[in-house]
Amino acid sequence: MHKKDIIQLLLGKYYLHAPQHEQATAFAPTNIALCKYWGKRDTELNLPVTSSLSISLGNKGASTTLRLLSEAEDVLILNGSPLETTTRFGKRVVEFLDLFRIQQQPSLRIDINMNIPLAAGLASSACGFASLVAALNKLYGWGLSLQDLSILARLGSGSASRSFWSGFVEWHAGIQADGMDSYSEPFSAAWPELCIGLHVVSHEAKPIPSREAMQRTRETSVLYRSWPEQVQRDLLAIKQAINQQDISALGAAAETNALAMHATMLSAWPPISYSLPATTAAMHAIWQLRSAGLVVYFTQDAGPNLKLLFLKKDIELLSKHFPSLEIIAL
Ligand code: PMV
């Protein structure tokens, strides 16, 4: 199965039709996985080996505006500055748009504005592709459901499938070869006391894209064999903790899950480590604070920065220990 087959299946009679509007804009929040997606059962369709669960970061995310152009070539603007369509991200965006067009027509001006620190490990591809798909849905007048948009966005970036809702979101791995059962949906109620803090240790770009890192881990890491079982356990614990609004249970399961994901990468060959010395130092600081009674946990994605999990009542104390902590309203 190829991406185009899935798109044809979802769009039906609208497949390769002309846009219905001159321009369209859509916003999508970014999301942080509490139970991670790591490894694909189908690399073309971005079908995951396991389910995953995330939390969306309120109004932090991407807004994409698409405008029809009379010129032959696409124009891509990221946060107000032109971005060559030959860059890694630029190429991914244009190749994705081409799935919906005939011979790259109509050409588009694509304005993506993100209000998150770029390259700080805040899942810019997740909100980028989700907002792109939501804007396409408006431009072409497809009228697709959020579930279908979640499937389409997954074809651009796996974690983008979770970026269509606020609050907690579960992405079901699914078992079908065409991935029609691999979509996301909201999980449970809000938890207004919960906070996420971004602890940035470096703004450097990642040494290896997550797509390649996942593949290498899956192919060479002995520890990866136990990953699906780990996820099953952590997902259950995380869902229970959310339902009971139990920060210690949530933090413990999310931290374990992140560390287990990074352990599978360390045991890959060649090994992959996204941590810098400052990342490890911050982990030790968090463990020390926790043993002193402060209720704080962390999660880490494919980058050196940490996302701290804690409750509103501890904001002041935490800001004292991590003065540059960016607290994100959920
Ligand atoms: O969707 P991708 O290809 O950007 O991969 C996301 C991988 C992690 O952020 C590490 C985990 C996750 O579930 O978001």
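Residues numbered from 1 in each chain as written. Predicted model: local features only at pLDDT ≥ 70, side-chain atom pairs only at ≥ 80, totals over all residues. Heavy atoms only, no water.

S.K.: Explain the overall build of the chain here, please?
M.R.: The number of helices and strands found in the chain is nine helices and 13 strands. Radius of gyration (C-alpha) of the chain: 20 Å, near the 20 Å computed for a compact globule of 330 residues. For the chain, the spread of C-alpha atoms along the principal axes amounts to about 60 × 40 × 40 Å. Pairs at least 24 apart in sequence give 75% of the contacts found in the chain among residues at least 6 apart. (Helix = DSSP H or I, 4+ residues; strand = E, 2+ residues; numbered from the N terminus. Rg over C-alpha atoms; globule rule 2.2 N^0.38 Å. Contact = heavy atoms within 4.5 Å.)

S.K.: Could you clarify how one ought to interpret the site of the ligand in this entry?
M.R.: Around the ligand, a shell composed of 14 residues is seen, among which Ala33, Tyr37, Ser157, Ser159 and Arg162 lie nearest. Within the contact set of the ligand, an oxygen atom lies 2.7 Å away from a side-chain nitrogen or oxygen of serine 159. Looking at side-chain class alone, the shell around the ligand contains six nonpolar, five polar and three charged residues. Summarising the domain contributions, the shell around the ligand has at least three residues from each of domain 1 (3-186) and domain 2 (194-329). (Near = heavy atom within 4 Å. Polar contact = N/O pair within 3.5 Å; in protein donor to acceptor, adjacent residues only side chain to side chain. Nonpolar A, V, L, I, M, F, W, Y, C, P; charged D, E, K, R; others polar. Domains from an automatic or database assignment.)

S.K.: I would appreciate a short explanation of the packing of aromatic side chains in the present structure.
M.R.: A complete count under the given rule lists eight aromatic pairs for this structure. Relative to tryptophan 142, the ring of phenylalanine 100 lies with its centre 5.3 Å away and its plane at 35 degrees, an arrangement referred to as tilted. Here the residue phenylalanine 100 occupies a position in the loop between helix H2 (88-98) and strand E7 (108-114), and tryptophan 142 occupies one in the loop between helix H3 (124-140) and helix H4 (146-156), the gap between them amounting to 42 residues. A residue is classified by how much of its surface remains accessible, and phenylalanine 100, at 4% relative accessible area, is buried. The buried category is assigned to tryptophan 142, whose relative accessible area is 7%. Ring centres 5.3 Å apart and planes at 20 degrees place the aromatic pair tyrosine 140 and tryptophan 142 in the stacked group. Residue classification places tyrosine 140 among the buried positions, given a relative accessible area of 3%. Three or more aromatic residues link up through ring pairs in this structure, and these residues are Phe89, Phe96, Phe100, Phe129, Tyr140 and Trp142. (Phe/Tyr/Trp six-rings, centres within 6.5 Å; stacked < 30°, edge-to-face > 60°. Buried < 20%, exposed > 50% of the residue type's maximum accessible area, 1.4 Å probe, protein only.)

S.K.: Any chance you could explain the pairing of strand E12 (residues 306-311) here in plain terms?
M.R.: The side chains of a regular strand alternate, residue by residue, between the two faces of the sheet. Most of E12 is tucked away, with six of its six residues classed as buried. Along E12, one buried face is formed by Leu306, Leu308 and Phe310 and the opposite face, lined by Lys307, Leu309 and Leu311, is buried too. In this sheet, E12 lies alongside strand E10 (residues 194-199) in antiparallel orientation, the contact comprising six bridges. Looking at E12, one finds that isoleucine 196 is bridged to leucine 309. Examined bridge by bridge, strand E11 (residues 297-300) and E12 share four bridges and lie antiparallel to one another. The residue of E12 that forms the bridge with threonine 299 is lysine 307. (Pairing = 2+ DSSP bridges.)

S.K.: Whenever I open this one, helix H5 (residues 210-220) confuses me. Can you help?
M.R.: For the α-helix, the turn length of 3.6 residues means that residues three or four positions removed from each other point alike. Listed in full, the buried residues belonging to H5 are Ala213, Met214 and Thr217. Taken end-on, H5 shows its buried residues confined to a sector of 100 degrees, consistent with a single buried face. In this fold, the buried residues of H5 make contact with strand E2 (40-42) and helix H7 (247-266). (Arc of directions from axis to C-beta.)

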